[in-house]
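# Coordinates in review
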Amino acid sequence: MAHEHSVVMSPCINCGRPLMYDPERVVSVLILTATGWYPEPGRRHHAARVPACHFGVRAANVERRKRGLPPGYEGDT
């Protein structure tokens, strides 16, 4: 029997490009829902996970490094 996976399509949080993904396996970025910005470590409980493409993850990691935080995700997206 073949494995069935859900497929969802939505824009990447950073670049806006359409992105098709498996919602259970997609790389996501934490974003504060009120501001649309990356959360500070103490405010992660107010954040939501939003899907991001490879370029979106790279942009998020650059922003995190600017703030002195470790990368949010490393590896293949």
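Here, every reference points to the structure presented above.
Predicted model only: the values in this text are computed from it and were never measured.

What counts, and where the lines are drawn
- Residues numbered from 1 in each chain as written.
- Predicted model: local features only at pLDDT ≥ 70, side-chain atom pairs only at ≥ 80, totals over all residues.
- Heavy atoms only, no water.
- Helix = DSSP H or I, 4+ residues; strand = E, 2+ residues; numbered from the N terminus.
- Contact = heavy atoms within 4.5 Å.
- Areas by Shrake-Rupley, 256 points an atom, 1.4 Å probe, with all protein chains shown as cover.
- Salt bridge = Lys/Arg side-chain N within 4 Å of Asp/Glu carboxyl O.
- Buried < 20%, exposed > 50% of the residue type's maximum accessible area, 1.4 Å probe, protein only.
- Pairing = 2+ DSSP bridges.

## Some points on the overall build of the protein chain
- Of regular secondary structure, the protein chain possesses one helix and four strands.
- Reading the protein chain from its N terminus to its C terminus gives the helix and strand order β-β-β-β-α.
- For the protein chain, contacts bridging at least 24 residues in sequence account for 34% of all contacts bridging at least 6.
- If you sum the accessible surface of the protein chain, you get close to 5,700 Å²; carbon and sulfur atoms cover 54% of it.

## With respect to the pattern of salt bridges
- Counted by the stated rule, this structure contains two salt bridges.
- With a closest N to O distance of 3.0 Å, Glu-40 and Arg-67 form a salt bridge. Taken together, the residues Glu-40 in the loop between β3 (28-32) and β4 (47-51) and Arg-67 in the segment after α1 (54-66) connect sequence positions 27 residues apart.
- Look at Arg-67 and you get partly exposed, because its relative accessible area is 31%.
- A salt bridge links Arg-67 to Glu-63; the shortest N-O distance between them is 3.6 Å.
- Connected through salt bridges with shared partners, the residues Glu-40, Glu-63 and Arg-67 form a single ionic network.

## Some details on the pairing of β3
- Summarising burial for β3: four of the five residues are buried, a large majority.
- Bridging between β3 and β4 involves five bridges; their strand directions are antiparallel. From the neighbouring strand, Val-29 faces β4, where its bridge partner is Val-50.

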